[in-house]
Amino acid sequence: MKPPLLLIGQGSHDDAYAAEFGRFVHRLRCRLDLTAVDVSGGYLERATPRLSDSVASLVARGHHRLVALPLSLSRTSDDLGAAMEREQRRHPTLMYDYGRPLGPDPRVLSLLAERLTEAAADLSRPRALEPAGARPRLRAVDAPVDEDLHVEPGETGIVLVGEGSTDPAANAEIHRVSRLFWETHAYDFMTVETAFVSVTPPGVPGGLERCRRLGARRVIVVPYLLFAGGMLERVWAQALAYGAGHPDLDIRCAEVIGDCEPLADVVIERYEEALQLVH
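Right, let's walk through the structure included here.

Rules used throughout
- Residues numbered from 1 in each chain as written.
- Predicted model: local features only at pLDDT ≥ 70, side-chain atom pairs only at ≥ 80, totals over all residues.
- Heavy atoms only, no water.
- Helix = DSSP H or I, 4+ residues; strand = E, 2+ residues; numbered from the N terminus.
- Buried < 20%, exposed > 50% of the residue type's maximum accessible area, 1.4 Å probe, protein only.
- Areas by Shrake-Rupley, 256 points an atom, 1.4 Å probe, with all protein chains shown as cover.
- Core = buried A, V, L, I, M, F, W, Y, C linked by side-chain atoms within 4.5 Å.
- Contact = heavy atoms within 4.5 Å.
- Pairing = 2+ DSSP bridges.
- Axes fitted to C-alpha atoms, helices over the stretch in contact; angles between N-to-C directions.
- Phe/Tyr/Trp six-rings, centres within 6.5 Å; stacked < 30°, edge-to-face > 60°.
- Right-handed = clockwise from strand over helix to strand, strands pointing away.

## A few points about the overall build of the chain
Within the chain one finds 8 helices and 10 strands. Here the chain holds 279 residues, and 48% of them are scored as buried. Carbon together with sulfur atoms contributes 52% to the accessible area of the chain, which is approximately 13,300 Å² in total.

Structure follows, in C-alpha coordinates:
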(Lines give C-alpha, C1' and ligand atoms only; values in the text may rest on other atoms or scores of the structure.)
Protein backbone atom coordinates (compact mmCIF):
# COMPACT_ATOMS: atom_id res chain seq x y z
CA MET A 1 0.00 0.00 0.00
CA LYS A 2 1.28 3.45 -0.91
CA PRO A 3 1.98 5.93 1.89
CA PRO A 4 -0.64 8.59 2.53
CA LEU A 5 -0.49 12.12 1.16
CA LEU A 6 -0.53 14.87 3.77
CA LEU A 7 -1.34 18.29 2.31
CA ILE A 8 -0.01 21.08 4.51
CA GLY A 9 -1.40 24.60 4.51
CA GLN A 10 0.07 27.62 6.26
CA GLY A 11 -3.22 28.33 7.97
CA SER A 12 -5.64 31.23 7.97
CA HIS A 13 -8.43 32.63 10.11
CA ASP A 14 -10.40 33.13 6.90
CA ASP A 15 -13.39 30.79 6.55
CA ALA A 16 -13.49 31.10 2.76
CA TYR A 17 -9.87 29.98 2.43
CA ALA A 18 -10.38 27.09 4.86
CA ALA A 19 -13.48 25.94 2.99
CA GLU A 20 -11.70 25.90 -0.36
CA PHE A 21 -8.68 24.14 1.15
CA GLY A 22 -11.09 21.52 2.53
CA ARG A 23 -12.78 21.08 -0.85
CA PHE A 24 -9.42 20.60 -2.52
CA VAL A 25 -8.37 17.97 0.03
CA HIS A 26 -11.67 16.18 -0.67
CA ARG A 27 -10.99 16.35 -4.43
CA LEU A 28 -7.59 14.71 -3.92
CA ARG A 29 -9.13 12.12 -1.61
CA CYS A 30 -11.64 11.16 -4.31
CA ARG A 31 -8.97 11.05 -7.01
CA LEU A 32 -6.48 8.94 -5.05
CA ASP A 33 -9.05 6.68 -3.43
CA LEU A 34 -9.02 4.67 -6.67
CA THR A 35 -5.41 3.71 -5.93
CA ALA A 36 -6.01 3.15 -2.20
CA VAL A 37 -4.00 6.22 -1.16
CA ASP A 38 -5.12 7.91 2.05
CA VAL A 39 -5.25 11.72 1.85
CA SER A 40 -5.35 14.16 4.75
CA GLY A 41 -4.83 17.87 5.22
CA GLY A 42 -3.61 20.00 8.10
CA TYR A 43 -2.50 23.53 8.91
CA LEU A 44 0.71 24.73 10.50
CA GLU A 45 -1.16 27.41 12.46
CA ARG A 46 -4.29 29.52 12.92
CA ALA A 47 -6.81 26.98 11.64
CA THR A 48 -8.15 23.46 12.08
CA PRO A 49 -7.43 20.69 11.48
CA ARG A 50 -3.96 21.30 12.84
CA LEU A 51 -1.04 19.43 11.33
CA SER A 52 -0.49 17.55 14.61
CA ASP A 53 -4.09 16.26 14.62
CA SER A 54 -3.89 15.09 11.02
CA VAL A 55 -0.60 13.25 11.62
CA ALA A 56 -1.98 11.64 14.79
CA SER A 57 -5.03 10.45 12.85
CA LEU A 58 -2.89 8.91 10.11
CA VAL A 59 -0.66 7.15 12.66
CA ALA A 60 -3.75 5.85 14.48
CA ARG A 61 -4.90 4.33 11.18
CA GLY A 62 -1.65 2.38 10.92
CA HIS A 63 0.42 4.68 8.70
CA HIS A 64 4.05 5.14 9.73
CA ARG A 65 5.38 6.67 6.53
CA LEU A 66 3.82 9.57 4.65
CA VAL A 67 4.48 12.13 1.93
CA ALA A 68 4.21 15.69 3.29
CA LEU A 69 3.43 18.16 0.53
CA PRO A 70 3.24 21.90 1.22
CA LEU A 71 0.21 23.30 -0.57
CA SER A 72 2.09 26.43 -1.50
CA LEU A 73 3.15 28.33 -4.60
CA SER A 74 6.35 29.58 -2.98
CA ARG A 75 9.39 28.24 -1.18
CA THR A 76 8.94 25.96 1.82
CA SER A 77 9.32 27.85 5.10
CA ASP A 78 11.52 26.68 7.96
CA ASP A 79 8.32 26.34 10.01
CA LEU A 80 7.36 23.25 8.05
CA GLY A 81 10.60 21.39 8.78
CA ALA A 82 10.39 22.28 12.47
CA ALA A 83 6.74 21.16 12.63
CA MET A 84 7.49 17.78 11.02
CA GLU A 85 10.42 17.24 13.39
CA ARG A 86 8.06 17.81 16.33
CA GLU A 87 5.67 15.23 14.89
CA GLN A 88 8.50 12.73 14.59
CA ARG A 89 9.34 13.22 18.26
CA ARG A 90 5.67 12.64 19.15
CA HIS A 91 5.53 9.53 16.95
CA PRO A 92 8.99 7.87 16.98
CA THR A 93 8.00 5.32 14.33
CA LEU A 94 6.95 8.04 11.87
CA MET A 95 8.95 8.54 8.68
CA TYR A 96 8.16 11.11 6.01
CA ASP A 97 9.29 12.41 2.64
CA TYR A 98 8.69 15.88 1.24
CA GLY A 99 6.95 16.68 -2.00
CA ARG A 100 8.04 19.82 -3.86
CA PRO A 101 5.91 22.97 -3.56
CA LEU A 102 3.71 23.62 -6.58
CA GLY A 103 5.71 26.64 -7.75
CA PRO A 104 5.64 27.96 -11.33
CA ASP A 105 4.74 24.62 -12.87
CA PRO A 106 3.68 25.07 -16.53
CA ARG A 107 0.15 23.94 -15.61
CA VAL A 108 0.00 26.53 -12.82
CA LEU A 109 1.00 29.21 -15.35
CA SER A 110 -1.71 27.91 -17.69
CA LEU A 111 -4.26 28.29 -14.90
CA LEU A 112 -3.10 31.88 -14.37
CA ALA A 113 -3.59 32.43 -18.10
CA GLU A 114 -7.15 31.09 -17.82
CA ARG A 115 -7.91 33.52 -14.98
CA LEU A 116 -6.43 36.34 -17.06
CA THR A 117 -8.62 35.38 -20.02
CA GLU A 118 -11.71 35.24 -17.81
CA ALA A 119 -10.98 38.70 -16.41
CA ALA A 120 -10.42 40.07 -19.92
CA ALA A 121 -13.47 38.34 -21.44
CA ASP A 122 -15.78 41.32 -20.98
CA LEU A 123 -13.35 43.90 -22.33
CA SER A 124 -15.90 44.91 -24.91
CA ARG A 125 -18.34 45.78 -22.12
CA PRO A 126 -16.78 48.32 -19.75
CA ARG A 127 -17.59 47.65 -16.13
CA ALA A 128 -16.97 49.67 -13.00
CA LEU A 129 -15.73 48.42 -9.65
CA GLU A 130 -17.35 49.15 -6.31
CA PRO A 131 -17.19 47.77 -2.76
CA ALA A 132 -19.53 44.87 -2.05
CA GLY A 133 -20.71 43.51 1.29
CA ALA A 134 -19.31 44.16 4.73
CA ARG A 135 -15.72 43.51 3.61
CA PRO A 136 -13.78 45.64 1.13
CA ARG A 137 -14.32 43.14 -1.66
CA LEU A 138 -14.90 44.24 -5.22
CA ARG A 139 -17.61 43.21 -7.57
CA ALA A 140 -18.29 44.26 -11.13
CA VAL A 141 -21.38 46.40 -11.73
CA ASP A 142 -22.89 47.29 -15.08
CA ALA A 143 -21.64 50.57 -16.44
CA PRO A 144 -22.72 52.50 -19.55
CA VAL A 145 -21.04 51.04 -22.61
CA ASP A 146 -18.70 53.37 -24.45
CA GLU A 147 -18.88 52.17 -28.05
CA ASP A 148 -15.67 54.02 -28.91
CA LEU A 149 -13.62 52.33 -26.18
CA HIS A 150 -11.12 49.90 -27.64
CA VAL A 151 -7.92 48.91 -25.88
CA GLU A 152 -5.39 46.67 -27.56
CA PRO A 153 -3.43 44.05 -25.57
CA GLY A 154 -0.35 46.16 -26.24
CA GLU A 155 -2.03 48.95 -24.27
CA THR A 156 -2.88 46.61 -21.40
CA GLY A 157 -0.60 45.95 -18.46
CA ILE A 158 -0.75 43.01 -16.05
CA VAL A 159 0.11 43.13 -12.35
CA LEU A 160 0.91 39.69 -10.96
CA VAL A 161 0.47 39.80 -7.18
CA GLY A 162 2.20 37.44 -4.74
CA GLU A 163 1.77 37.25 -0.97
CA GLY A 164 5.04 38.94 0.02
CA SER A 165 7.66 37.60 2.42
CA THR A 166 10.57 38.59 4.63
CA ASP A 167 12.60 36.05 2.63
CA PRO A 168 14.27 37.86 -0.32
CA ALA A 169 14.61 34.58 -2.24
CA ALA A 170 10.85 33.97 -1.98
CA ASN A 171 10.14 37.48 -3.30
CA ALA A 172 12.64 36.99 -6.11
CA GLU A 173 10.76 33.83 -7.08
CA ILE A 174 7.58 35.88 -7.65
CA HIS A 175 9.51 38.18 -10.00
CA ARG A 176 10.69 35.05 -11.84
CA VAL A 177 7.09 33.84 -12.14
CA SER A 178 6.06 37.21 -13.62
CA ARG A 179 8.73 36.94 -16.29
CA LEU A 180 7.85 33.33 -17.10
CA PHE A 181 4.17 34.24 -17.31
CA TRP A 182 4.87 37.17 -19.64
CA GLU A 183 7.01 35.14 -22.01
CA THR A 184 4.82 32.01 -22.07
CA HIS A 185 1.24 33.31 -21.84
CA ALA A 186 1.09 37.12 -21.91
CA TYR A 187 3.58 38.15 -24.59
CA ASP A 188 0.94 40.24 -26.44
CA PHE A 189 0.48 42.51 -23.41
CA MET A 190 2.46 45.66 -22.66
CA THR A 191 4.09 44.36 -19.50
CA VAL A 192 3.75 42.01 -16.53
CA GLU A 193 4.70 43.85 -13.35
CA THR A 194 5.22 42.23 -9.95
CA ALA A 195 3.51 43.36 -6.75
CA PHE A 196 2.89 41.95 -3.28
CA VAL A 197 -0.10 41.92 -0.95
CA SER A 198 1.94 42.79 2.14
CA VAL A 199 5.32 42.81 3.92
CA THR A 200 7.43 43.96 0.98
CA PRO A 201 7.10 46.60 -1.75
CA PRO A 202 5.80 47.26 -4.25
CA GLY A 203 2.20 46.81 -3.18
CA VAL A 204 -0.67 46.54 -5.63
CA PRO A 205 -0.87 50.35 -6.03
CA GLY A 206 2.84 50.41 -6.88
CA GLY A 207 2.37 47.82 -9.62
CA LEU A 208 -0.62 49.70 -11.02
CA GLU A 209 1.28 52.99 -10.96
CA ARG A 210 4.16 51.50 -12.92
CA CYS A 211 1.77 50.25 -15.60
CA ARG A 212 0.14 53.69 -15.78
CA ARG A 213 3.51 55.41 -16.17
CA LEU A 214 4.41 52.98 -18.93
CA GLY A 215 1.34 54.21 -20.78
CA ALA A 216 -1.17 51.44 -20.07
CA ARG A 217 -4.82 52.35 -20.63
CA ARG A 218 -6.03 49.17 -18.95
CA VAL A 219 -4.50 46.99 -16.21
CA ILE A 220 -5.53 43.48 -15.19
CA VAL A 221 -4.56 42.41 -11.67
CA VAL A 222 -3.77 38.67 -11.52
CA PRO A 223 -3.41 37.20 -7.99
CA TYR A 224 -0.72 34.53 -7.72
CA LEU A 225 -2.73 32.85 -4.96
CA LEU A 226 -4.18 29.38 -4.61
CA PHE A 227 -7.49 29.99 -2.88
CA ALA A 228 -9.99 32.78 -2.30
CA GLY A 229 -10.25 34.49 1.06
CA GLY A 230 -8.99 37.51 2.92
CA MET A 231 -5.74 37.70 0.93
CA LEU A 232 -7.64 38.02 -2.34
CA GLU A 233 -9.93 40.63 -0.85
CA ARG A 234 -6.90 42.67 0.20
CA VAL A 235 -5.60 42.55 -3.36
CA TRP A 236 -8.94 43.74 -4.73
CA ALA A 237 -9.30 46.40 -2.02
CA GLN A 238 -5.88 47.86 -2.86
CA ALA A 239 -6.82 47.91 -6.54
CA LEU A 240 -10.10 49.63 -5.69
CA ALA A 241 -8.38 52.28 -3.61
CA TYR A 242 -5.90 53.04 -6.39
CA GLY A 243 -8.63 53.07 -9.04
CA ALA A 244 -10.65 55.62 -7.08
CA GLY A 245 -7.83 58.12 -7.57
CA HIS A 246 -7.20 57.22 -11.22
CA PRO A 247 -10.59 57.04 -12.95
CA ASP A 248 -8.93 57.28 -16.36
CA LEU A 249 -7.28 53.87 -15.90
CA ASP A 250 -9.47 50.81 -16.53
CA ILE A 251 -8.59 48.27 -13.80
CA ARG A 252 -9.81 44.66 -13.89
CA CYS A 253 -9.25 42.02 -11.18
CA ALA A 254 -8.89 38.29 -11.87
CA GLU A 255 -9.80 35.43 -9.57
CA VAL A 256 -7.40 33.09 -7.77
CA ILE A 257 -6.33 29.73 -9.20
CA GLY A 258 -8.84 27.91 -6.99
CA ASP A 259 -9.87 24.30 -6.39
CA CYS A 260 -9.77 22.58 -9.80
CA GLU A 261 -8.71 19.39 -11.57
CA PRO A 262 -5.53 20.78 -13.23
CA LEU A 263 -4.25 21.87 -9.81
CA ALA A 264 -4.99 18.37 -8.50
CA ASP A 265 -2.97 16.95 -11.41
CA VAL A 266 0.08 18.95 -10.30
CA VAL A 267 -0.26 17.78 -6.69
CA ILE A 268 -0.60 14.13 -7.70
CA GLU A 269 2.51 14.43 -9.87
CA ARG A 270 4.43 15.91 -6.93
CA TYR A 271 3.26 12.99 -4.77
CA GLU A 272 4.35 10.38 -7.32
CA GLU A 273 7.65 12.19 -7.78
CA ALA A 274 8.34 12.02 -4.02
CA LEU A 275 7.67 8.27 -4.09
CA GLN A 276 10.12 7.80 -6.97
CA LEU A 277 12.83 9.65 -5.04
CA VAL A 278 12.40 7.24 -2.14
CA HIS A 279 12.99 4.26 -4.39
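## A word on the nonpolar core
Judged by nonpolar contacts, the single largest core of 50 residues is most densely connected at Leu5, Leu7, Leu28 and Phe181. The residues touching Phe181, leaving out its near neighbours within four places in the chain, are Leu109, Leu112, Ala113, Leu116, Ile158, Leu160, Ala186 and Val192. Of all hydrophobic cores here, the second largest spans 21 residues; its members include Val161, Val204, Cys211 and Ala216.

## Re the sheet that holds strand β7 (residues 156–162)
Read across the open sheet, the 4 strands follow the order β8-β7-β9-β10; overall the sheet is parallel. In this open sheet, the two strands that pair with only one neighbour each are β8 (191–196) and β10 (250–253). Sheet twist, expressed as the average angle between the axes of neighbouring strands with direction ignored, equals 25°. Where strand β9 (residues 218–223) meets β10, 4 bridges bridge the pair, whose relative direction is parallel. Counterpart to Val219 in the pairing with β10 is Ile251.

## Some thoughts on the packing of aromatic side chains
Working definition: an aromatic ring pair is given by the centre-to-centre distance plus the angle between the planes. Taken as a whole and judged by the stated rule, the model has 4 aromatic pairs. Between Phe21 and Tyr43, the ring centres sit 4.6 Å apart and the planes meet at 35°, which makes this aromatic pair tilted. Taken as a pair, Phe21 in helix α1 (residues 15–32) and Tyr43 in strand β2 (residues 39–43) lie far apart in primary sequence, 22 residues in all. Among the residues examined, Phe21 registers a relative accessible area of 3% and is labelled buried. On the numbers, 5.4 Å between centres and 65° between planes, the contact of Tyr96 with Tyr98 is edge-to-face. Here Tyr96 falls in the buried class, since its relative accessible area comes to 18%. Ring pairs connect the aromatic residues Tyr17, Phe24 and Phe227, which therefore count as one cluster.

## Concerning the sheet that holds β2
The strands that make up a sheet pair up through hydrogen bonds in the backbone, lying either parallel or antiparallel. Taken in spatial order, the 4 strands of this open sheet run β2-β1-β3-β4, and their pairing is parallel. With partners counted over all chains shown, the strands left at the sheet margins are β2 and β4 (95–98), one partner each. For this sheet, the mean angle separating the axes of adjacent strands, direction not counted, is 30°. Helix α3 (residues 78–90) rests against β1 (5–9), β3 (65–70) and β4 of the sheet, and its axis sits at about 165° to β4.

## Some details on the pairing of β7
Within β7, 7 of the 7 residues are buried, which leaves it mostly tucked inside the rest of the structure. Because side chains alternate across β7, one face comprises the buried residues Thr156, Ile158, Leu160 and Gly162, and the other comprises Gly157, Val159 and Val161, equally buried. Where β7 meets β9, 6 bridges bridge the pair, whose relative direction is parallel. Within the sheet, the bridge partner assigned to Val161 lies in β9 and is Pro223. The pairing of β7 with β8 spans 6 bridges and is classified as parallel. When the sheet's bridge partners are listed, Gly157 is paired in β8 with Thr191. With respect to chirality, the unit in which β7 leads through helix α5 (residues 168–185) into the neighbouring parallel β8 is right-handed.

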